[in-house]
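Understanding the architecture of this molecule
Chain residues, written in single-letter form:
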Amino acid sequence: DGGITQSPKYLFRKEGQNVTLSCEQNLNHDAMYWYRQDPGQGLRLIYYSQIVNDFQKGDIAEGYSVSREKKESFPLTVTSAQKNPTAFYLCASGTGQGFSPLHFGNGTRLTVT
Amino acid sequence: RKEVEQDPGPFNVPEGATVAFNCTYSNSASQSFFWYRQDCRKEPKLLMSVYSSGNEDGRFTAQLNRASQYISLLIRDSKLSDSATYLCVVNPRMDSSYKLIFGSGTRLLVRP
């Protein structure tokens with residue numbers, strides 16, 4: 001079955017450590033996205049990539065980094081520069097066309113103490 | 001004014017009830033619209049894309065009112081399993097999906 005997989009589901013880190021969240025898709029989608037969700041708020045875009053080897057900052061990119069070396073993979077690194085990293089992180093993929101919906105992975109819940 | 005606004009609820013309804021949610025958007029040039037369902041601590045899952053003529057999928061009906069800039073979701077014969085948060089999503093562009101705007105969601109609780 002085609003889908004989008006995020007790992008791990010839960011992640012705990014100490015403040016000051018970088019951490020990388022994995023996202024893999026086998027839907028053959030060109031576009032991939034990282035969102036952050038905080039309680040009571042809408043999803044906010046961190047980074048997106050419309051094609052391999054290219055990515056763009058979203059609305060809240062500070063303290064995050066990404067890479068897109070393969071079509072299937074779009075890992076997100078939460079760096080120590082991110083001031084409030086504890087959140088639910090969602091990876092999504094899509095065709096990149098405006099009328100097409102996004103498909104989401106099952107999310108990674110990151111807790112930094 | 002928020003770009004996409006939803007009543008956070010919760011809407012607390014008995015099984016079998018009909019319930020409707022509205023979502024307003026501020027950008028009159030918005031092109032495509034979606035409703036997602038999100039269960040507690042899970043990822044959003046596409047419920048319906050909203051077409052200009054309105055569309056129906058079983059117990060769920062979505063409508064678009066461009067003049068008043070809102071979309072609606074109607075759920076008939078509510079089931080306990082419909083309890084979730086419903087996210088309204090608006091795309092102001094037709095050529096890409098990186099500008100999707102997500103509402104904060106409307107929470108629905110269906111009671112026995």
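Report on the accompanying structure.

Conventions and cut-offs
Residues numbered from 1 in each chain as written. Chains lettered and ligands numbered in written order. Predicted model: local features only at pLDDT ≥ 70, side-chain atom pairs only at ≥ 80, totals over all residues. Heavy atoms only, no water. Disulfide = S-S within 2.5 Å. Helix = DSSP H or I, 4+ residues; strand = E, 2+ residues; numbered from the N terminus. Buried < 20%, exposed > 50% of the residue type's maximum accessible area, 1.4 Å probe, protein only. Contact = heavy atoms within 4.5 Å. Buried area = accessible area lost by both parts, 1.4 Å probe. Polar contact = N/O pair within 3.5 Å; in protein donor to acceptor, adjacent residues only side chain to side chain. Nonpolar A, V, L, I, M, F, W, Y, C, P; charged D, E, K, R; others polar.

Attention shifts here to the state of the cysteines. All names here are of chain A. Tallied over the entire structure, the rule returns two disulfides over all chains. The disulfide bridge from Cys23 ends at Cys91, spanning 1.9 Å between sulfur atoms. Judged by the torsion about the S-S bond (-75 degrees), the Cys23/Cys91 disulfide is left-handed. Residue Cys23 is found in strand 3 (residues 19-25), and its partner Cys91 is found in strand 9 (residues 87-94); the two are separated by 68 residues along the sequence. Judged by its relative accessible area of 0%, Cys91 falls in the buried class.

Looking at the secondary structure, you find B:Ser32 in strand 4 (residues 32-38). In sequence terms B:Ser32 and B:Val50 are 18 residues apart; their C-alpha atoms lie 7.1 Å from each other. Contacts of B:Ser32, omitting those with residues within four sequence positions, involve A:Gly98, A:Phe99, B:Val89, B:Val90, B:Asn91 and B:Arg93.

Our next topic: the interface of chain B and chain A. Contact with chain B, which involves 22 residues of that partner, is made by 24 residues of chain A. When chain B packs against chain A, the two sides together hide about 1,800 Å² of surface, and 55% of this comes from carbon and sulfur. Linking chain B with chain A are two residue pairs in polar contact (both at pLDDT 80 or more), by the criterion used here. Secondary structure elements with two or more residues in the side of chain B that touches chain A: strand 4, strand 5 (44-50) and strand 9 (84-91) of chain B. Top element by residues in the side of chain B that touches chain A is strand 4 of chain B. It accounts for four residues. Partitioning the side of chain B that touches chain A into residue classes produces nine nonpolar, eight polar and five charged.

Let's shift gears to the environment of B:Glu15. Residues and elements named next belong to chain B. Considering the arrangement of structural elements, one finds Glu15 in the loop between strand 2 (11-14) and strand 3 (19-25). Taking the C-alpha atoms as reference points, Glu15 and Lys45, 30 residues apart in sequence, are found 22 Å from one another. Ignoring anything within four residues of it in the chain, the contact list for Glu15 reads Ser78, Leu80, Val110, Arg111 and Pro112.

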